Amino acid sequence: LFAGQPIDVTEEDALLLTFADLQPRREAEIALQASERHLLAVFEMAPVAMVVTRHADHRIARVNAAFRSLTGYTDDDALGKTADELALWETSSERAAAEAALNAAGSLHQQEARLSTRGHDLLDCLVSAQSVDLDQHACVLWVYQDVTERRRSEAELTAAIDEVMKDASWLSRSILDKLATLRSTT
């Protein structure tokens, strides 16, 4: 091929060139679809409650098995709804604050929150969130770690320590120091 000289391209050549140009793109799309399928399998099997919401309207696009188990909400209950429509957060202002923090930083890490189950029980949770793309749409992945039992145990331990400290005359000084240290960390 010399500059300025016309190139004689047959229709077969044009089809072959078009196929050659599209093949890497097609392979990349197939790989992306396989990767998304694997990610969704991990999402569904994860032992911690997770929800994917659409960034544009905050509607729930996916929930995993751990979320369904923790909250009692089924796919039919949750999909297409907002957290406020489910009354998922104890207060909508708490949810709005979490969303504002997420929007400001692009992620949210272990923020304390109280969530409400389908049966209206309140759960103490650590909430994390991250902006993600799913099916070529801007979404948010929410992770809810239930710490209700841990908080209950901490409160019971603190109450027990307080009770012992009321009449500690029979305890040694070293035990009192250790109890005081435990009490201040809970």
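Scroll up a little and you will see the structure.
Keep in mind the model is a prediction, meaning the values are calculated, not measured. (Residues numbered from 1 in each chain as written. Predicted model: local features only at pLDDT ≥ 70, side-chain atom pairs only at ≥ 80, totals over all residues. Heavy atoms only, no water.)

How would you summarise the overall build of the protein chain if you had to cite specific residues and measurements?
Looking only at helices and strands, the protein chain features seven helices and five strands. For the protein chain, the residues scored as buried account for 28% of the 186 residues in total. Put simply, 37% of the contacts in the protein chain that link residues at least 6 apart link residues at least 24 apart. Per element, the accessible surface of the protein chain, about 12,300 Å² overall, is 56% carbon and sulfur. (Helix = DSSP H or I, 4+ residues; strand = E, 2+ residues; numbered from the N terminus. Buried < 20%, exposed > 50% of the residue type's maximum accessible area, 1.4 Å probe, protein only. Contact = heavy atoms within 4.5 Å. Areas by Shrake-Rupley, 256 points an atom, 1.4 Å probe, with all protein chains shown as cover.)

Lay out the nonpolar core in plain terms, naming residues and giving numbers.
The biggest cluster of nonpolar side chains holds 23 residues, and the ones touching the most others in it are Val51, Phe67, Leu88, Trp89, Val127, Trp142 and Tyr144. At the level of secondary structure, the elements contributing two or more residues to this core comprise strand S1 (49-54), strand S2 (60-63), helix H4 (83-86), helix H5 (92-105), strand S3 (107-116), strand S4 (122-134) and strand S5 (137-146). The element that contributes the greatest number of residues to this core is S4, accounting for four residues. Here Trp89 is in contact with Ala83, Glu94, Arg95, Ala98, Ala113, Arg114, Leu115, Val127, Trp142 and Tyr144, once residues within four sequence places are set aside. Ranked by size, the runner-up nonpolar core spans six residues in total, among them Ala46, Val52, Leu134 and Cys139. (Core = buried A, V, L, I, M, F, W, Y, C linked by side-chain atoms within 4.5 Å.)

Give a detailed account of unusual backbone geometry, specifying residues and quantitative values.
A positive phi angle, near 50°, is found at Gln110, a position not held by glycine. Along the chain, Gln110 turns up in strand S3. Notably, His120 is not glycine yet its phi reads approximately 70°, a positive angle. You can call His120 exposed: its relative accessible area is 64%.

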